Amino acid sequence: MDDNAPQTPSRRSVLRTTAGVAGAGIGLGALGTGSAGAAAPEQAAETTGTPPRRGATMAGVPFEGRSTVRVGIIGLGNRGGSMIDLFLALPGVRVVAVCDPVKAKAERAAAKVVAAGQPSPAVYTHGEDDYENLCARADLDFVYVATPWELHFEMARAAMLNGKHVGVECPIAMRLDELWQLVDLSEQTRRHCMQLENCCYGRNEMRVLRMAHAGKFGELLHGAGAYNHDLRELMFSPTYYEGPWRRLWHTRLRGDLYPNHGFGPVANYMDVNRGDRVVSISSFGTPALGLAQYRDEKVPPGDPSWKETYIGSDRTISLVQTAKGRVIRLEHDVSTPHPYSRINSLGGTRGVFEDYPARIYVEPDHKGHQWGDFTAYAAEFDHWLWKEHANPPGGHGGMDYIMIFRLMQCMRLGLVPDFDVYDAATWTAPVPLSHASIKAKGAPQQIPDFTRGEWRRPRSGVDSARPAQA
């Protein structure tokens, strides 16, 4: 496949079948933008000028308070089917509607709602467009989207146009013009659009964040984040994903497909969009060998995947520069053998933290030029959310529960969310921009200022104060 012409599968085919899907794509430029012939990712990346604001900023805008948050869930596969348990475990939250084109998944989710003691939710299973009917309901406050990546943009768009706040799994969209549209829609509709599953609420991440804000690392200089996770077995599994949609992105884009997990926490440490901003990205990629080699060794002849040609770099390394001159390193590798790691490091003039395993070296605490015990800082610097929820339920070490708890708390109490559409767009921008940079042999790509100047104004974020009324 010619990597100068990235393709994406038909949204109606990716969910349903693997047969013949490799050659059935439509151009990325036609995906979900509402305008024919829009730019492909590398073309869109070249047009990074800041367009005029179409509505007032959403930075610092609180939710409307309410006693109960009424939630609709779109996508009930591996992620959505487990996250519904967390929504149901929260006080003041009711799951009103669920949607998935696979009827059995929607019915299982509905049964969970009833088993939790809530009224039976409305169920939307009539084709892949039925989510539009869910979004149009008048009795929803928040829509949660956990579907294949190519559907995220149009579902977030539908939610906001119907007056709903929306939280979307990462990446929030796949193209630069789509990110701008979500920013504009959030400002025009006055609805928040947020990037969920962002790893910002991990216990280590929140402790490092509070330490950074307390000056323990001195003046911040550099950080690193990653998504290094061996997904080969899952991507070739005939049952884990609903169709081959995730693997197929490796036939279309060469860059970092999943920057959010590593980028979000480091951006928070450095107050990106809250006093600093990221301005450029330079990306480099290895040859794409891992998926084809795994297929050669593990996948039987005749499998539809044998029609696929992989161009996605096995290891992508990106260097991001901030307006204050700091450097952030991002990595992505899901195609080769590697223990799970998000790297999660932060360094400054007084020391450094590195994760996987967690270790720290800061002045004046360090001794003998040896790594120190990171747990020694728990009592002083653990975030109040982790002090009050020491053993949270759910996956990813409990960070998913902490994230949803805090988001629903902000909605119920009428607080400003800890993160917003500007963060979502910023953390996702490396998807198209790393692809463009790799194609240009590492040439820097400008990262737009999605805040349109608001980044200069310091404001609170995930390092939030405990609300008095909690």
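Note that this is a predicted model, so its numbers are computed, not measured. (Residues numbered from 1 in each chain as written. Predicted model: local features only at pLDDT ≥ 70, side-chain atom pairs only at ≥ 80, totals over all residues. Heavy atoms only, no water.)

Participant: Is there a simple way to think about the overall build of the protein in this case?
Facilitator: For the protein, the helix and strand inventory stands at 17 helices and 16 strands. Every one of the 470 residues in the protein was classed for burial, and the buried ones make up 60%. When contacts within the protein are restricted to residue pairs at least 6 apart in sequence, those whose partners lie at least 24 apart make up 76%. For the protein, the computed accessible surface area is about 17300 Å², with 51% contributed by carbon and sulfur atoms. (Helix = DSSP H or I, 4+ residues; strand = E, 2+ residues; numbered from the N terminus. Buried < 20%, exposed > 50% of the residue type's maximum accessible area, 1.4 Å probe, protein only. Contact = heavy atoms within 4.5 Å. Areas by Shrake-Rupley, 256 points an atom, 1.4 Å probe, with all protein chains shown as cover.)

Participant: Before we go on, may I ask you to explain the sheet that holds strand S12 (residues 327–333) in this structure?
Facilitator: Whether parallel or antiparallel, the strands of a sheet pair through hydrogen bonds between backbone atoms. Strand order in the open sheet formed by eight strands is S15-S14-S13-S9-S12-S11-S10-S16, with mixed pairing between adjacent strands. Two strands bound the open sheet, and with one partner strand each, they are strand S15 (359–362) and strand S16 (445–446). As defined by bridge partners, strand S10 (residues 278–285) adjoins S16 across two bridges and the pair is classed as antiparallel. Bridging across to S16, Ile-281 finds its partner in Gln-445. In this fold helix H17 (residues 430–439) packs onto S10, strand S11 (316–322), S12 and S16, with an angle of close to 55° to the strand it touches most, S10. (Pairing = 2+ DSSP bridges. Axes fitted to C-alpha atoms, helices over the stretch in contact; angles between N-to-C directions.)

Participant: What's the story with the pairing of strand S3 (residues 69–74) in this structure? I'm lost.
Facilitator: Where a strand is regular, its side chains alternate between the two sheet faces. Within S3, five of the six residues are buried, which leaves it mostly tucked inside the rest of the structure. One ladder, built from six bridges, connects S3 with strand S4 (residues 93–99); its direction is parallel. Pairing of Val-69 across the sheet is with Val-93, part of S4. A crossover links S3 with its parallel partner S4, the connecting element being helix H3 (residues 78–88), and its sense is right-handed. Inspection of the sheet shows S3 paired to strand S6 (residues 142–145) by four bridges, in the parallel sense. Bridge pairing in S6 links Val-71 to Phe-142. (Right-handed = clockwise from strand over helix to strand, strands pointing away.)

Participant: Explain the sheet that holds S6 here, please?
Facilitator: One open sheet accounts for six strands, arranged S5-S4-S3-S6-S7-S8; its pairing is parallel. Two strands bound the open sheet, and with one partner strand each, they are strand S5 (122–124) and strand S8 (193–195). Between one strand and the next, the sheet's axes are offset by a mean angle of 25°, whatever the strand orientation. Sitting on the sheet, helix H15 (residues 399–413) is in contact with S3, S4, S6, strand S7 (165–168) and S8, with an inclination near 140° to S3.

The quantities given are spatial measurements derived from coordinates; they are silent on function.
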